Amino acid sequence: MELTQEHLDFEKFTRQLIGLRITKVEYSEIDYEPANPKPYYLTQFVNLDSVDFSIFLHTDNDKLVEIYWDGKFFEFGIGIKINEPSDFSDSIKWDVSSKDLWKKFIGTTISDIHITWETVITRKEKSKKEESFVYPQDIKVTFSNKKNIFISAAGFLNPSDKEVYGMLDNLTVTDNEELARQVKMIN
């Protein structure tokens, strides 16, 4: 797979996360029931959340990182913003800093980030012409405590599903690499 300058620029941009110390983590979800708000991110798996929009990482130097599903390279990939307004206004935020999945990362520093690029080929019906797109499907964030978080632009179609599907407007997140492979978040 050949990465364009735009892909390389995105990788370089994500490297700005290295050295940031995490102070708080929030999920931003669609507010399905404004009169009775409740979180929808929990799944049947321990330490695997499914977030319908984005993850906010607050840092000690006033940088706010938003990891979200994005269509920059292809319809549903990973996007990252630093100190930019979110595109999602009809959402509710949940502080997940004290949850088992995230509490081990609070106070730690991002030491590395790795993007997994995927290729998808589409075919236009009328012309039957094929187009190839390379997009960021998932990221692995490594912290100073040598632990990782895996975030994928994927989701469960049904709550009882055992595997996630890509190409969805959703993020799945876990700290368990074996589980991430088991549910097909990562290869």
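Quick caveat, the model's predicted, so the values are computed rather than measured.

A.B. asks: So what's going on with the overall build of the protein chain? Which residues, and what values?
C.D. replies: A tally of regular secondary structure across the protein chain gives 3 helices and 12 strands. On C-alpha atoms alone, the protein chain measures out to a radius of gyration of 16 Å, which is about the 16 Å that the 2.2 N^0.38 rule sets for 187 residues. Out of the 187 residues in the protein chain, the part that is buried amounts to 45%. Contacts in the protein chain between residues far apart in sequence, at least 24 positions, make up 61% of those at least 6 positions apart. On the protein chain, roughly 10,000 Å² of surface is accessible, and the fraction owed to carbon and sulfur atoms is 47%. Where the 23 positive side-chain charges of the protein chain centre and where its 32 negative ones centre are 3 Å apart.

A.B. asks: How would you sum up the sheet that holds strand β1 (residues 22-30)? Please name residues and give values.
C.D. replies: The antiparallel open sheet is built from 5 strands, whose spatial order is β5-β4-β3-β1-β6. With one partner strand each, in any of the chains shown, β5 (77-82) and β6 (91-95) form the two edges of the open sheet. The average angle at which neighbouring strand axes cross in this sheet is 25 degrees, direction not considered. Sheet topology note: the β1/strand β3 (residues 53-59) ladder contains 7 bridges and is antiparallel. Paired with Ile 22 across the two strands is Thr 59, which belongs to β3.

A.B. asks: Just give me the short version of the pairing of β6, but keep the residues and values in it.
C.D. replies: Only one face of β6 is buried: it carries Ile 92 and Trp 94, and the other face, with Ser 91, Lys 93 and Asp 95, is open. Inspection of the sheet shows β1 paired to β6 by 5 bridges, in the antiparallel sense. Looking at the pairing, Ile 30 lines up with Ser 91 of β6.

A.B. asks: I'd like a description of the pattern of salt bridges, backed by residues and values.
C.D. replies: Opposite charge on two side chains permits pairing when their charged atoms draw close. One pass over the structure, following the stated rule, counts 10 salt bridges. The shortest N-O distance in the salt bridge between Asp 100 and Lys 103 comes to 3.1 Å. Of this pair, Asp 100 and Lys 103 both sit in helix α2 (residues 100-103), 3 residues apart, which is roughly one turn of that helix. One salt bridge in this structure joins Lys 184 and Glu 163, with 4.0 Å as the shortest N-O distance. Of this pair, Lys 184 sits in the segment after α3 (177-182) while Glu 163 sits in the loop between β10 (154-155) and β11 (165-166), and the two are 21 residues apart along the sequence.

A.B. asks: Lay out the sheet that holds strand β2 (residues 48-51) in plain terms, naming residues and giving numbers.
C.D. replies: Adjacent strands of a sheet form backbone hydrogen bonds with each other and so pair up, either parallel or antiparallel. Within the open sheet, the 5 strands sit side by side as β2-β12-β9-β8-β7. Their pairing is antiparallel. Either end of the sheet is taken by a strand with one partner, and the two such strands are β2 and β7 (110-123). On average, each strand axis in the sheet is tilted by 20 degrees relative to the strand beside it, whichever way the strands run. Of the strand pairs in this sheet, strand β8 (residues 130-143) and strand β9 (residues 148-152) are connected by 5 bridges, and their pairing is antiparallel. By the bridge assignment for β9, Lys 140 is matched with Phe 150.

A.B. asks: Give a detailed account of the pairing of β3, specifying residues and quantitative values.
C.D. replies: With 7 of 7 residues buried, β3 is to be regarded as a mostly interior element. Where β3 hands over to strand β4 (residues 64-70), the hairpin turn is made up of 4 residues, of which Asp 62 adopts a positive phi near 60 degrees.

Rules and cut-offs
- Residues numbered from 1 in each chain as written.
- Predicted model: local features only at pLDDT ≥ 70, side-chain atom pairs only at ≥ 80, totals over all residues.
- Heavy atoms only, no water.
- Helix = DSSP H or I, 4+ residues; strand = E, 2+ residues; numbered from the N terminus.
- Rg over C-alpha atoms; globule rule 2.2 N^0.38 Å.
- Buried < 20%, exposed > 50% of the residue type's maximum accessible area, 1.4 Å probe, protein only.
- Contact = heavy atoms within 4.5 Å.
- Areas by Shrake-Rupley, 256 points an atom, 1.4 Å probe, with all protein chains shown as cover.
- Lys, Arg positive; Asp, Glu negative; His and termini not counted.
- Charge placed at Lys NZ, Arg CZ, Asp CG, Glu CD.
- Pairing = 2+ DSSP bridges.
- Axes fitted to C-alpha atoms, helices over the stretch in contact; angles between N-to-C directions.
- Salt bridge = Lys/Arg side-chain N within 4 Å of Asp/Glu carboxyl O.

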